[in-house]
Amino acid sequence: MNGTYKENRMNSQRPAARRQTVNMRNVYVASFFAAAALLLVLSEVFSSNIQATLPGFSRLARLGLTGCAAKVQADDLMKGITPEKTSGRAADDAFKSGAADFAVRLFQNTREEGKSSLISPLSVMLALSMTANGARGETLAQMEVLLGGGIPIDTLNKYLHAYVGGLPSVEKAKLTLANSIWFKDSGFTVEEAFLQRNADYYGAAVYKSAFDKKTLRDINNWVEENTDGVIDKIVDQMDPYAVMYLVNTVLFDAEWQNIYRKHEVRDGTFTAIDGAKR
């Protein structure tokens, strides 16, 4: 396996699920505030078959709501890197087909019998596409097949840049995505071309640190800051074998079009798809 860095096994950490402003039984708040954070961990014992890793995505994402953020202390590798103006590429049949296939297979491999789950195919695609910009040879070829049905990564960068840039976000319905990459300070150098592509197409923050307790705090602080304090913790401990963490956050903050009033909400019986009453 060759490229800008080495990647071997993929696993994940689950952030604790918390709710503060939204109560599923008594939804009478005037606004809807949701955030999700995705964490991918690349470690030193990763299977070389990228396509075989999809089943591991069952533990990638959870919803959570909470408190306020602090500054990241890790070395900022993006210092001196200025994003260049790039031209995107409008979604066509090739991109739509590849993205849809990726999403369907992701959902098929993350569904757990008897459990509810929430996962964003876009978050996973963004995180892995950032990584693919540092891969070469067979590793890159497998990632291109997985992510876009064989679309070259340079082209996929343009598709995703245009797609994310075109997502609706207005004053009363804010949708915000953020990306970051965390490298372990283990003696290898991250190439400037990799940093530049991630700055240009993904607006990513890139950090390097020792992967100790300070890094743990930094990652959680970064997530908290980029979810407006809604998620304050995504990882409980650092994987001792990890060499890279990929983090994506999605924040959606919008008013209900038709606001629920307290007198309009009542407790009742919910019937699940299997007929179970709750």
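Quantities reported herein were computed from a predicted structural model and do not represent experimental measurements. (Residues numbered from 1 in each chain as written. Predicted model: local features only at pLDDT ≥ 70, side-chain atom pairs only at ≥ 80, totals over all residues. Heavy atoms only, no water.)

Every regular strand shows the same layout, with side chains that alternate between the two sheet faces. Of all five residues making up strand β6 (residues 205-209), four are buried, and the element is well covered by its neighbours. Sheet analysis places strand β4 (residues 75-76) next to β6, joined by two bridges and oriented antiparallel. In the sheet register, D75 faces β6, and the bridge partner there is K208. Relative to β6, strand β5 (residues 173-184) runs parallel, the two sharing five bridges. Note that in β6 the partner of K184 across the bridge is S209. (Buried < 20%, exposed > 50% of the residue type's maximum accessible area, 1.4 Å probe, protein only. Helix = DSSP H or I, 4+ residues; strand = E, 2+ residues; numbered from the N terminus. Pairing = 2+ DSSP bridges.)

This part is about the pattern of salt bridges. Here the structure, examined in full by the defined rule, presents six salt bridges. Among the ionic pairs, R105 bridges to D101, the shortest N-O distance being 3.0 Å. Highlighted residues: R105 and D101, both in helix α1 (residues 93-110), separated by four residues, approximately one helical turn. Ionic pairing is found between K233 and D236, a salt bridge with its closest N-O pair at 3.2 Å. When its relative accessible area of 33% is taken as the criterion, K233 is described as partly exposed. The exposure class of D236 is partly exposed, given its relative accessible area of 46%. (Salt bridge = Lys/Arg side-chain N within 4 Å of Asp/Glu carboxyl O.)

Do not read the fine detail of predicted coordinates wherever pLDDT is low. Per-chain confidence: the chain averages 79 in pLDDT, with 78% of residues scoring 70 or above. Low pLDDT, under 50, characterises residues 1-31; the stretch is placed with 112 contacts to residues that sit more than four places away or in other chains. Every residue in residues 44-69 is under pLDDT 50, and counting partners more than four places away or in other chains gives 91 contacts. (pLDDT = per-residue confidence, 0-100. Contact = heavy atoms within 4.5 Å.)

Okay, α1 next. With 18 residues, α1 should reach 26 Å at 1.5 Å per residue; the first-to-last C-alpha distance of 26 Å fits that figure. Where α1 is concerned, the buried positions are F95, G98, F102, A103, R105, L106 and T110. Lining the buried residues of α1 we find α2 (121-132), α3 (137-148) and α4 (153-165). N-cap assignment for α1: the residue whose side-chain oxygen lies 3.2 Å from the backbone N of A94 is D92. (Expected span 1.5 Å × (residues − 1). Polar contact = N/O pair within 3.5 Å; in protein donor to acceptor, adjacent residues only side chain to side chain.)

What the rule picks out here adds up to six aromatic pairs. Taking the centre distance of 6.0 Å and the plane angle of 75 degrees together, the rings of F183 and F194 count as edge-to-face. In this pair, F183 is assigned in strand β5 and F194 in helix α5 (residues 192-202), connecting sequence segments eleven residues apart. A relative accessible area of 1% places F183 in the buried class. Taken together, a centroid distance of 5.6 Å and an interplanar angle of 85 degrees make the contact between W256 and Y260 edge-to-face. For Y260, a relative accessible area of 39% puts it in the partly exposed group. One aromatic cluster is present, formed by F95, Y159 and Y163 through successive ring pairs. (Phe/Tyr/Trp six-rings, centres within 6.5 Å; stacked < 30°, edge-to-face > 60°.)

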